[in-house]
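Reading the structure
Residues per chain, in single letters:
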Amino acid sequence: MSERMMEVIASPRVAPSILSADFARLGSQVDEVLGAGARLIHFDVMDGHFVPPITIGPLVASSIADRVHAAGGVLDVHLMIEQPERQVEAFAEAGADSITVHIEATAHANRTLAAIRDLGCLAGIAFNPATPIEAVTELRDFADIFLCMTINPGWGGQSLIPSTVDKVARLAPLAGRAKIEVDGGVHAGTAEAVAKAGASLFVAGSAVFGADDPAAAYAEIVKAAGAV
């Protein structure tokens, strides 16, 4: 498994999501947050089926993986797609350090997570706001990351669903060695609450890249979350 990824997520981290970046200057925007101290770059993949939008794929991942790795960072791939088991090998080859799939999208989650680990990546399992935590806690021996969606997936810029903070708190004592990641509506005003609930990885998209100064916005979220 990715020792580099394990080292990065050993400490609380804010993960800027390039879903909200300006793709006309993606490389420079990634460099900007890496220069501000980001080491976990979140990469959202949507297929137009599991969620309505279509976003990006392995070619874009491979185009930024080397610059992320050269800066000491890691690429955190989140597959919001149906039958993700068909695509994990392509993303591993593209440079992913972790690959997260949705419990709602794969019929045999433990098999998929094992396959991700076999490819040398950390394995994550994501679940939507309406999915009970019991659906994923059985996977503690297979997952390195539990990704708790704090919005309904599909679009950036949504507000964090308040009830998901309690959901993180209920998940925390059941997560075992897996890290808890939160995704959706995370900004300087919400990061502290989910951190206190038990999250240690904080995905922030529009709050970072939608700001006039992404580096400064990133630093504010880091401070609020108690991250490094």
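Whatever comes next refers back to the structure up there.
The numbering scheme is per chain: residues are counted from 1 as the chain's sequence reads. pLDDT decides what is reported in this predicted model: residues at 70 or higher carry local features, side-chain atom pairs at 80 or more are listed and counted, and totals for whole chains, interfaces and linings draw on all residues regardless. In computing side-chain properties, one takes all heavy atoms of the structure into account and sets aside hydrogens as well as water.

**A few points about the overall build of the protein chain**
Where helices and strands are cited, they refer to DSSP runs of H or I of at least four residues and of E of at least two residues respectively, numbered from the N terminus. Within the protein chain, the secondary structure is distributed over 10 helices and 8 strands. Relative to the globule expectation of 17 Å for 228 residues, the C-alpha radius of gyration of the protein chain, 16 Å, shows essentially globular dimensions. C-alpha atoms of the protein chain, sized along the principal axes, occupy 40 × 35 × 35 Å. Taken over 228 residues, the protein chain has a buried fraction of 54%. Restricting the contact set of the protein chain to residue pairs at least 6 apart, pairs at least 24 apart contribute 65%. In this description, accessible areas are obtained by the Shrake-Rupley approach with a 1.4 Å probe, and a residue is regarded as covered only by the protein chains that are shown. Here the protein chain has roughly 9,300 Å² of accessible surface; of this, 50% comes from carbon and sulfur atoms. Computation of the radius of gyration draws on C-alpha atoms, with the globule rule given as 2.2 Å multiplied by the number of residues to the power 0.38. Exposure classes here rest on a 1.4 Å probe applied to the protein chains alone. A residue is buried below 20% of its type maximum, exposed above 50%, and partly exposed in between. Residue contacts are counted whenever heavy atoms from the two residues lie within 4.5 Å of one another.

**Describing the sheet that holds strand β2 (residues 40-46)**
In this description, strands pair whenever DSSP reports at least two bridges between them. Spatial ordering of the open sheet is given by β1-β8-β7-β6-β5-β4-β3-β2, a layout of 8 strands whose pairing is parallel. In this open sheet, the two strands that pair with only one neighbour each are β1 (13-16) and β2. Shown here is a sheet whose adjacent strand axes are inclined to one another by a mean of 25 degrees, direction ignored. Sheet analysis places strand β6 (residues 145-149) next to strand β7 (residues 179-183), joined by 5 bridges and oriented parallel. The residue of β7 that forms the bridge with Leu147 is Glu181. Whenever a helix is involved, its axis is fitted only over the stretch in contact; in every case the axis is a line through C-alpha atoms, and angles between N-to-C directions fall within 0 to 180 degrees. On top of the sheet, helix α3 (residues 58-70) reaches β2 and β3 (74-80); it is set at about 155 degrees to β3, its chief contact.

**Some remarks on the pattern of salt bridges**
Salt bridge, as applied in this entry: a Lys or Arg side-chain nitrogen positioned within 4 Å of an Asp or Glu carboxyl oxygen. What the rule picks out here adds up to 7 salt bridges. The salt bridge partner of Asp144 is Arg117, with a shortest N-O separation of 3.0 Å. With a gap of 27 residues between them, Asp144 in the loop between α6 (134-137) and β6 and Arg117 in helix α5 (residues 109-118) connect regions that are remote in the sequence. A relative accessible area of 2% means that Asp144 is categorised as buried.

**Considering helix α7 (residues 163-171)**
What α7 keeps buried is the set Thr164, Lys167, Val168 and Leu171. The arc that holds every buried residue of α7, seen down its axis, measures 100 degrees, which confines them to one face. Buried residues in α7 make contact with β5 (122-127), α6, β6, β7 and α8 (191-197). In this description, one arc is meant: the one made by directions from the helix axis to the C-beta atoms.

**Looking at the pairing of β6**
With 5 of 5 residues buried, β6 lies mostly within the body of the structure. Inspection of the sheet shows β5 paired to β6 by 4 bridges, in the parallel sense. Paired with Gly124 across the two strands is Ile145, which belongs to β6. Clockwise travel from the first strand over the helix to the second, with the strands pointing away from the viewer, marks a crossover as right-handed. One crossover worth recording links β6 to the parallel β7 by way of α7, and it is right-handed.

**Looking at the environment of Asp22**
Positionally, Asp22 belongs in the loop between β1 and α2 (26-35). Separated by 192 residues in sequence, Asp22 and Pro214 place their C-alpha atoms 11 Å apart.

**Observations concerning the packing of aromatic side chains**
Each Phe, Tyr or Trp ring, with Trp reduced to its six-membered ring, pairs with another whose centre is within 6.5 Å; inter-plane angles below 30 degrees give stacked pairs, above 60 give edge-to-face pairs, and intermediate values give tilted ones. A complete count under the given rule lists 1 aromatic pair for this structure. Taking the centre distance of 6.4 Å and the plane angle of 65 degrees together, the rings of Phe43 and Phe91 count as edge-to-face. Of the two residues, Phe43 sits in strand β2 while Phe91 sits in helix α4 (residues 88-94), which places them 48 residues apart along the sequence. Grouping residues by exposure puts Phe43 and Phe91 together as buried.

**Thoughts on the nonpolar core**
Formed by 62 residues in total, the largest nonpolar core has its most connected members in Phe43, Ile99 and Ile125. If we skip the residues at most four places from it in the chain, Ile125 touches Thr100, Val101, His102, Ile103, Ala109, Leu113, Val136, Leu139, Ala143, Ile145, Phe146 and Leu147. Of all hydrophobic cores here, the second largest spans 10 residues; its members include Ile9, Ala15, Leu40 and Ile145. Definition of nonpolar core: a set of buried residues of the types Ala, Val, Leu, Ile, Met, Phe, Trp, Tyr and Cys, connected through side-chain atoms within 4.5 Å.

**What to know about unusual backbone geometry**
The residue Gln83 is not glycine, and still its phi comes out positive at about 45 degrees. Position of Gln83 relative to the elements: it lies in the loop between β3 and α4.

In short, geometric facts, not functional conclusions.
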